[in-house]
Amino acid sequence: MRSFFTGPRQKRRACSGQGATVKDRRQHHTGGYAGSTYPQHVFGFCPRCGSDGLCSRDGRLFVCSRCGFEYFINAAAAVVALIEDGRQRLLMTRRGREPKLGTLDLPGGFVDVRETAEHALIREIREELNLEITDFTYFGSFPNTYPYGGITYFTLDLAFVCTVNDLTTVRAGDDAEAYLFVPRHEIRPEEIGLDSIREIVRQYLSSPGNGSG
Ligand SMILES: [Zn+2]
């Protein structure tokens with residue numbers, strides 16, 4: 001027969017030893033230490049039974065010690081567009097919102113639930129820059145962390161080299177504060193705020209047939 005102190009209660013104690021109590025997590029999640037907005041520091045209660053038994057040992061799988069509810073943290077898909085004009089200038093945006101407000105960025109955004117990456121690419125560039133993509137090729141995938149509203153999202157940014165039919169219709173909208181065409185040789189990676197975007201630009205500029213030629 002199972003003792004009162006085995007099972008759920010014991011699991012909870014083991015999990016708590018990995019980090020902080022629920023109260024501590026609440027107090028610290030806006031703090032400055034690395035990873036403080038990661039889900040294991042923010043999620044304190046089970047979304048199914050409401051108890052404080054929810055915990056995670058690895059930051060990926062969350063298990064409720066009271067009701068057995070399990071939840072996985074997976075990467076959210078996002079799309080990024082590499083668009084050049086006819087004069088070897090890359091179309092970049094100035095971030096109009098956190099994280100990294102005011103830094104340079106590439107146009108793009110999150111893929112909606114049940115949406116294809118291709119559709120998201122076309123939709124995001126239409127919403128953000130009023131441009132119509134007519135052709136695109138897949139460039140690569142780049143993992144990123146995206147802290148927003150007190151919690152960090154883990155994303156996988158899918159980059160595409162895009163062609164648009166008419167660049168004269170461009171205007172900044174949605175979450176881009178401004179757009180700018182930056183000559184390849186004037187691009188300074190340190191002005192790009194998001195790690196994945198900086199890496200996309202770096203690889204794009206050094207890849208044959210793109211920036212290096
Ligand atoms: Zn539960």
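Residues numbered from 1 in each chain as written. Predicted model: local features only at pLDDT ≥ 70, side-chain atom pairs only at ≥ 80, totals over all residues.

## Topic: the overall build of the protein
- A tally of regular secondary structure across the protein gives five helices and ten strands.
- Across the 213 residues of the protein, 27% fall into the buried class.
- A fraction of 57% describes how many contacts in the protein between residues 6 or more apart in sequence connect residues 24 or more apart. (Helix = DSSP H or I, 4+ residues; strand = E, 2+ residues; numbered from the N terminus. Buried ≥ 20, exposed ≤ 12 C-beta atoms within 10 Å, placed from the backbone. Contact = placed C-beta atoms within 7 Å.)

## Things to note about the nonpolar core
- Residues V80, A81, L82 and F160 are the most contacted members of the largest nonpolar core, which totals 33 residues.
- The set of elements that each furnish at least two residues to this core consists of strand 4 (76-83), strand 5 (89-95), helix 4 (117-129), strand 8 (133-148), strand 9 (151-164), strand 10 (176-183) and helix 5 (195-206).
- At six residues, strand 4 tops the list of elements feeding residues into this core.
- The contact partners of L82, leaving out residues within four places of it in the chain, are L90, L106, F139, A159, F160, V161, C162 and Y204. (Core = buried A, V, L, I, M, F, W, Y, C linked by C-beta atoms within 7 Å.)

## Some remarks on unusual backbone geometry
- Across the junction of E98 and P99, the peptide omega takes the value 0°, indicating a cis bond.
- With respect to the helices and strands, the residue P99 is situated in the loop between strand 5 and strand 6 (104-105).
- In this structure, Q88 is a non-glycine residue whose phi angle is positive, near 55°.
- Counting through the fold element by element, Q88 comes out in the loop between strand 4 and strand 5.
- The phi angle at R114 is positive, at roughly 65°, despite the residue not being glycine.
- Position of R114 among the secondary structure elements: in the loop between strand 7 (108-110) and helix 4.

## Remarks on the sheet that holds strand 10
- Pairing is antiparallel in the open sheet, where three strands are placed in the order 6-5-10. The open sheet is flanked by strand 6 and strand 10, the only strands paired with a single partner.
- As judged from the seven bridges shared by strand 5 and strand 10, these two strands associate in the antiparallel manner. Each bridged residue has a counterpart across the sheet, and for L91 the counterpart in strand 10 is F181. (Pairing = 2+ DSSP bridges.)

## Some words on helix 4
- Counted at 1.5 Å a residue, the expected span for helix 4 with its 13 residues is 18 Å, and the 18 Å between its end C-alpha atoms agrees.
- For helix 4, the full list of buried residues reads L121, I122, E124, I125, E128 and L129. Angular distribution of buried residues about the axis of helix 4 spans 165°; they occupy a single face of the element.
- Against the buried residues of helix 4 lie strand 4, strand 7, strand 8, strand 9 and strand 10.
- Two residues or fewer past helix 4, N130 is found with a positive phi of approximately 55°. (Expected span 1.5 Å × (residues − 1). Arc of directions from axis to C-beta.)

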